[in-house]
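The primary structure of each chain is shown beneath.
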Amino acid sequence: MAIATVNPATGETLRTYDAHGPEEVERRVAAAHEAFHRWRTTPFAERARLLRAAAALLDEDTEDIARTMTLEMGKPLTASRAEAGKCAKAMRWYAKHAADLLADEHPAEGDVRDSGADRARVHYRPLGPVLAVMPWNFPLWQVIRFAAPALMAGNTGLLKHASNVPRTALYLGDLFRRAGYPDGCFQTLLIGSAEVEAVLRDPRVAAATLTGSEPAGRAVAAVAGDVVKKTVLELGGSDPYIVMPSADIVRAVKTAVTARVQNNGQSCIAAKRFLVHQDVYEDFTERFTAAMNALTVGDPLDESTDVGPLATEKGRADLEELVDDAVRKGAHVLCGGSRPDEPALVRGWYYRPTVLTGITAAMRIHREETFGPVATVYPVRDAEEAVAVANDSPFGLSSNVWTRRDEDVDLFVRDLQAGGVFVNGMTASHPALPFGGVKRSGYGRELSGHGIKEFCNATTVWQRA
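Before going into details, it helps to say that this report is about the structure given with it. Just so it is clear, the model here is predicted, and its values are computed rather than measured.

Analysis parameters
- Counting of residues starts from 1 at the beginning of each chain's written sequence and follows it residue by residue.
- Reporting in this predicted model follows two pLDDT cut-offs: at least 70 for local features of residues, and 80 or more for side-chain atom pairs to be given and counted; totals over whole chains, interfaces and linings ignore these cut-offs and use all residues.
- Note that water and hydrogens are dropped before the side-chain values are worked out from all heavy atoms of the structure.
- Numbering of helices and strands starts at the N terminus; helices are DSSP runs of H or I of at least 4 residues and strands are runs of E of at least 2.
- Each residue is placed in one exposure class: buried if its accessible area under a 1.4 Å probe, protein chains only, is under 20% of its type's maximum, exposed if it is over 50%, and partly exposed if it falls in between.
- Here the open area of atoms and residues is found with the Shrake-Rupley method and a 1.4 Å probe, where only the protein chains shown may cover a residue.
- The charge count treats Lys and Arg as positive and Asp and Glu as negative. His and the chain ends do not count.
- In this description, the location of a charge corresponds to atom NZ of lysine, CZ of arginine, CG of aspartate or CD of glutamate.
- Within this scheme, the nonpolar core is defined by two criteria: the residues are buried Ala, Val, Leu, Ile, Met, Phe, Trp, Tyr or Cys, and they are joined through side-chain atoms within 4.5 Å.
- Here, strands pair whenever DSSP counts at least two bridges between them.

In terms of regular secondary structure, the protein chain is built from 14 helices and 19 strands. Once the C-alpha set of the protein chain is aligned to its principal axes, its extents read approximately 70 × 60 × 40 Å. Of all 465 residues assigned to the protein chain, the portion counted as buried reaches 56%. For the protein chain, the exposed surface amounts to about 19,100 Å²; the carbon and sulfur share of it is 51%. With 53 positive and 60 negative side-chain charges, the protein chain shows a separation of 4 Å between the mean positions of the two kinds.

Time to look at the nonpolar core. Of all hydrophobic cores here, the largest spans 55 residues; its most connected members are Leu-51, Leu-58, Met-91, Leu-140, Phe-176, Tyr-181 and Phe-186. Mapped onto this core, the elements with two or more residues apiece are helix H2 (44-73), helix H3 (77-101), strand S4 (129-133), helix H5 (141-152) and helix H6 (166-179). Counting 29 residues, the second largest nonpolar core, distinct from the first, contains Ala-256, Leu-295, Val-355 and Trp-402.

Further remarks concern the sheet that holds strand S10 (residues 271-277). The strand order across the open sheet formed by seven strands is S11-S12-S13-S10-S9-S15-S16, and the pairing between neighbours is mixed. With one partner strand each, in any of the chains shown, strand S11 (332-335) and strand S16 (422-423) form the two edges of the open sheet. In the sheet, strand S9 (residues 239-243) pairs with strand S15 (residues 400-402) via three bridges, with the strands oriented parallel. Residue pairing for S15: Val-243 is matched across the bridge by Trp-402.

Unlike most non-glycine residues, Asn-424 shows phi in positive territory, near 60°. Checked against the element boundaries, Asn-424 lands in the loop between S16 and strand S17 (438-439). For Asn-424, a relative accessible area of 28% translates into the label partly exposed. Although it is not a glycine, Lys-439 adopts a positive phi angle of roughly 55°. A residue is classified by how much of its surface remains accessible, and Lys-439, at 35% relative accessible area, is partly exposed.

As structure tokens, this is what we get:
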């Protein structure tokens, strides 16, 4: 089996890699298992030193790895640089805070006595090798936000990255080696999806984390459930972006454009459904459409490009199917709705920024995730209807709310079915805040103290004199 880097801006195959065969996979799993027994007792100070060393190397490598990401999956070069910087920031955050986040917890003295103990505490211990099945859309960040806390907690890591970003995957394995991590602490597996089950079933692998599609999450969860292993799943999203009459419309529109087309629209936490109060619907929609239509679609290596190609040809075809289905059933195309026809873009997997209105429940796009620069805009009568439309989705990753009324904020925080509510701003992840969703967006949390404890054994220590 070969794994290839294909430039989505041109369709050109840049390099082909041989997949790891069974013997190499076995060697790497064994190394992760062996390394865990040494790494788990490594002091936090040493773990932090090595993670900071990796962050420093990433800083030095920013231009090279940014170009690699752009060539492999098509995000604008400016976004690739920002992704590298965000990763280094998260690594330093966990290096600084992990020891405190995993410090022993001590119940109240009265509760300790009531339990019959003289002393009691909760101690956090790592689980072992963790298999990470990661996607291509944020090929560096998705891995680091798992790897940094997992390694700081004393686990080892096995990365099965998306098959269209092998250069980034190999870079990540090499990054931790260059930083001085012991052999086996973090390794990349160049394998296909069909080989994941065997690795997950291996008794030496303790747990798994997956960021990706709902079908991929179901498959990993089913195998992990069969062998009773812990999983964290971050799956799809169809995040609502609610605009109320009290909102600053100019700011709401500007942020809405970024929230929809970030990463060429290929983000699980990108705002996708824009639910706008009828009192400001016309104004918002007119401004939003004009701003989306003005975006520059082009070569992602060009600093002036706003929106690059979709990462895969199939991804563009899937997006086109959703838009075509909506249009056949009566949706209105306010801008976009097609591939660009400029000669420089026809070889790549580009799609114009698109705004659709007139969406109904009969259209697939009402229920399915749009992974590309396509926005659907709905008018709503009030906050209650906004909540009803927002929750009429199988997903519940995050949400965005624009209002100046505290009453609105309280209602949305109480009633929106989502893992996050971002008020007067767009959804973003930060190492200090938990990240994850509900419903078919998955379960478990990444980042913050919640994320580092996902792959720890919370051990009760009960002691009498």
